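# Chains, contacts and geometry: an overview
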Amino acid sequence: MTSILIKDTTREQREQIVRESLGDEYDVACGYESTGINYQLYIDGIKELRELNMETNCGFEVAHPEERKSGCNMI
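Let us look at the structure shown here. Every chain's residues receive numbers from 1 upward, in the order its sequence appears when written. The predicted origin of the model limits local features to residues at a pLDDT of at least 70 and limits the giving and counting of side-chain atom pairs to 80 or more, whereas totals for whole chains, interfaces and linings rest on all residues. Heavy atoms throughout the structure, all of them, feed into the side-chain values; hydrogens and water do not.

### Here we look at the environment of N57
Helical segments are the DSSP runs of H or I of at least four residues, strand segments are the runs of E of at least two, and each set is numbered from the N terminus. Structurally, N57 is set in helix α4 (residues 49–63). Burial classification: accessible surface area is computed with a 1.4 Å probe over protein chains only, and a residue below 20% of its type maximum counts as buried, one above 50% as exposed, and the rest as partly exposed. For N57, a relative accessible area of 49% corresponds to the partly exposed category. Each C-alpha atom, one on N57 and one on I37, is 9.9 Å from the other, the two residues being 20 residues apart in sequence.

Given below as C-alpha cells:
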C-alpha cells in the first residue's frame, strides 16, 4: 500500500483517495454531510485523514459515552 499522507500525495491524489473511499455515489463536497468528516481539509492539505477520523470518533464518544470503546483526550 502506498502512503496517503499529505506530504506523500498531491492535491489531485488526495481528492481521488477521498472519492474512492466514499464511492461513486458521493460528491466530495457532500462527504461532510454524509459522514460527518470534512474531507476538504485533507484534500487541501490541512489535516491528515487520521486526524479527521480521530476528531469524529471523539465527538461520537463524547455524545454517546455509554458506547465508548477507548479514551478521548478532548473530553
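There's more to say after this.
### Structural notes on helix α1 (residues 11–22)
Across its twelve residues, α1 extends 17 Å between first and last C-alpha, which sits within 8% of the 16 Å expected from 1.5 Å per residue. Restricting attention to buried positions, one finds in α1 the residues R14, V18 and L22. The buried residues of α1 occupy an angular sector of 65 degrees when projected down its axis, which confines them to one face. Seen from the buried face of α1, the exposed residues on the opposite side, beyond 90 degrees, are E12 and E20. A positive backbone phi angle near 95 degrees is found at G23, which sits one or two residues after α1. Multiplying 1.5 Å by the helix residue count minus one yields the expected span of that helix. Within this analysis, the arc is defined by the directions that extend from the helix axis to the C-beta atoms.

### Here's the deal with the pattern of salt bridges
Any Lys or Arg side-chain nitrogen found within 4 Å of a carboxyl oxygen on Asp or Glu counts as a salt bridge. This model, assessed by the stated rule, comprises four salt bridges. Notably, a salt bridge pairs R19 with E15, separated by 2.8 Å at the nearest N-O pair. Placement of the pair is R19 and E15 together in helix α1, with a separation of four residues, close to one helical turn. Because the salt bridges share partners, they merge into one network encompassing R11, E15, R19 and D44.

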